[in-house]
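Residue-level listing of the chains:
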Amino acid sequence: MDAGRVVIVGGGAIGSAVAAFLRRIEPGREVVVIERDPTYREASSALSASSIRRQFSQPVNMAIGAYGYAFLKEAHRHLAVDGELPEIGLRDGGYLFLAPPAAEPAMRAVHALQRAEGVQVALLEPDALRARFPWLSTEGIALGSLGLAEEGWFDGYGLLQAFRKRAIADGARFLHGEATGFVRDGERVSAVELGDGSTIPCGALVIASGPWSGQVGLLLDIDIPVRGRRRSVFVLDTPEPLEPCPLLIDPSGFWLRPEGRYYLSGMSPLAGEPDPDDLPLEVDHDSFEERLWPALAERIPSLERLKVASSWAGYYEMNTVDHNGLVGRWPGFANLYAATGFSGHGIQQAPAVGRGLAELIVHGGYRSLDLSDLSPVRLAENRPLVEQAVI
Ligand SMILES: Cc1cc2nc3c(=O)[nH]c(=O)nc-3n(C[C@H](O)[C@H](O)[C@H](O)COP(=O)(O)OP(=O)(O)OC[C@H]3O[C@@H](n4cnc5c(N)ncnc54)[C@H](O)[C@@H]3O)c2cc1C
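Since the structure is predicted, the reported quantities are computational estimates derived from the model, not experimental observations.

### A short note on the overall build of the chain
Per the secondary structure count, the chain includes 10 helices and 20 strands. Here the C-alpha radius of gyration of the chain, 21 Å, is about what a compact globule of 391 residues would show, namely 21 Å. Taking all 391 residues of the chain together, the buried fraction comes to 57%. Within the chain, contacts between residues at least 6 apart in sequence are counted, and of these 72% link residues at least 24 apart.

### Thoughts on the site of the ligand
The ligand sits among 37 residues. The nearest are Glu35, Ser44, Ser45, Ser51 and Glu317. Here Ile14 contributes a backbone N or O atom positioned 3.0 Å from an oxygen atom of the ligand. Ser44 places a polar main-chain atom, nitrogen or oxygen, 2.9 Å from an oxygen atom of the ligand. Contact with the protein chains covers 97% of the free accessible surface of the ligand, which is 1,000 Å². Taken together, the elements giving at least two residues each to the shell around the ligand come down to helix H1 (13–25), strand E2 (31–35) and strand E18 (307–319). Counting residues per element, the shell around the ligand draws most heavily on E18, at four residues. Here the residues of the shell around the ligand sort into 18 nonpolar, 15 polar and four charged.

### Notes on the domain arrangement of the chain
Interface size, as often reported, equals the accessible area lost upon joining of the parts. On domain assignment, one finds that the chain holds domain 1 (2–85 + 155–225 + 321–380) and domain 2 (92–150 + 231–314). The centre of domain 1, based on its C-alpha atoms, is set 29 Å off from the matching centre of domain 2. With 18 residues of domain 1 at the interface, the matching set in domain 2 holds 22 residues. Surface buried jointly by domain 1 and domain 2 totals about 1,800 Å² across both partners, of which 55% is contributed by carbon and sulfur atoms. Ranking the residues of domain 1 by area buried against domain 2 places Leu47, Arg54 and Gln55 at the top, with a combined share of 38%. There are two salt bridges connecting domain 1 and domain 2. Between Lys73 and Asp92 there is a salt bridge whose closest N-O contact spans 3.3 Å. Seen at the junction of domain 1 and domain 2, the total is 10 residue pairs in polar contact (both at pLDDT 80 or more). Of all the secondary-structure elements, those providing two or more residues to the side of domain 1 that touches domain 2 are strand E3 (51–52) and helix H2 (59–73). The element that contributes the greatest number of residues to the side of domain 1 that touches domain 2 is H2, accounting for five residues.

About the cut-offs
- Residues numbered from 1 in each chain as written.
- Predicted model: local features only at pLDDT ≥ 70, side-chain atom pairs only at ≥ 80, totals over all residues.
- Heavy atoms only, no water.
- Helix = DSSP H or I, 4+ residues; strand = E, 2+ residues; numbered from the N terminus.
- Rg over C-alpha atoms; globule rule 2.2 N^0.38 Å.
- Buried < 20%, exposed > 50% of the residue type's maximum accessible area, 1.4 Å probe, protein only.
- Contact = heavy atoms within 4.5 Å.
- Near = heavy atom within 4 Å.
- Polar contact = N/O pair within 3.5 Å; in protein donor to acceptor, adjacent residues only side chain to side chain.
- Areas by Shrake-Rupley, 256 points an atom, 1.4 Å probe, with all protein chains shown as cover.
- Nonpolar A, V, L, I, M, F, W, Y, C, P; charged D, E, K, R; others polar.
- Domains from an automatic or database assignment.
- Buried area = accessible area lost by both parts, 1.4 Å probe.
- Salt bridge = Lys/Arg side-chain N within 4 Å of Asp/Glu carboxyl O.

This is the structure:
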């Protein structure tokens, strides 16, 4: 049965989703997931802000958003095990992207594309923004783009656990171990070597190793352009609730969304700013004081009086070429697949990517949703798939 055995390196949301869909699509297929840390202490899926949207600039990402949202709405149907319902906690809430005057033409162009793709989204000028969100300062803002449906936030760790439980209930095996090497036989990877000296033969190999995918690629002598880029998340307490509150994306680079009675917020470096690889997972408190808080208070004056209730740091698994997922067969290999590089929008893509990659492995092509735009072939052919709406 080794010829058909699929081995997945990494049991985060993506690897677990691929495993669950493989077993669902082909119940007889042997599936082994290798995960070195079953507590998921540093896994992105456990440290995510776990939000989902349709507002992207690439049609494939817009379609994945619709698929993911519909899946999460019906998660109880897809992921219940023995009557136990998954704890996904999906909350509806639109994203609100704000654009300064220089970015207005680009926002209008993306809006036209989104509408053509069926995304329910509205453009709001400053007066309309202030009327709808009285707590917002529109200083320096020309336009806002507000999602009207199929956007929100959820419990990403809950989704990871639900996929994992579903996969195990359907017969996938999760092994606690670290992939430290591979046996290569021409265009095929024939086995995975584990840190304890054991070897697992495989018929197909999936790299779903999140921010460590570049390092796993090196073990196969391939350059997977994925690096761990640290992002800090701050849990904010504020005496004056922001109501109503969408998931706000500011031109300064910050994002903010509600989480119960609190708000989550973080900030990515702007284009051209340093963004080193693999920093230790320590919260960057200096950047909060120097950049994030001032930017928050400028856009939302009441946040001058905020308190930080807690904070954490996690890695984006950043595709340094074009900030989009790398999903599909790796060029030059017959049985090596990647599902990585989602660059800050991977947890929402887990359902579509899990299903799609399982279809590709079992059927040799996509059946539900065509993910071929995300194929890693684009790297070899120098055809980047640039996503403008990366947060
Ligand atoms: C702060 C933050 C905010 C985010 N916000 C959002 C958001 O709002 N919306 C969104 O969609 N996405 C968001 N993301 C991104 C999202 O969380 C990730 O894209 C997604 O979780 C990636 O899942 P994964 O399974 O690929 O990686 P991970 O969850 O990191 O799983 C990879 C697993 O591989 C294992 N592994 C690695 N190497 C090996 C090896 N050699 N052998 C065995 N196991 C190995 C690791 O232990 C790990 O458990 C955010 C991420 C962060 C950090």
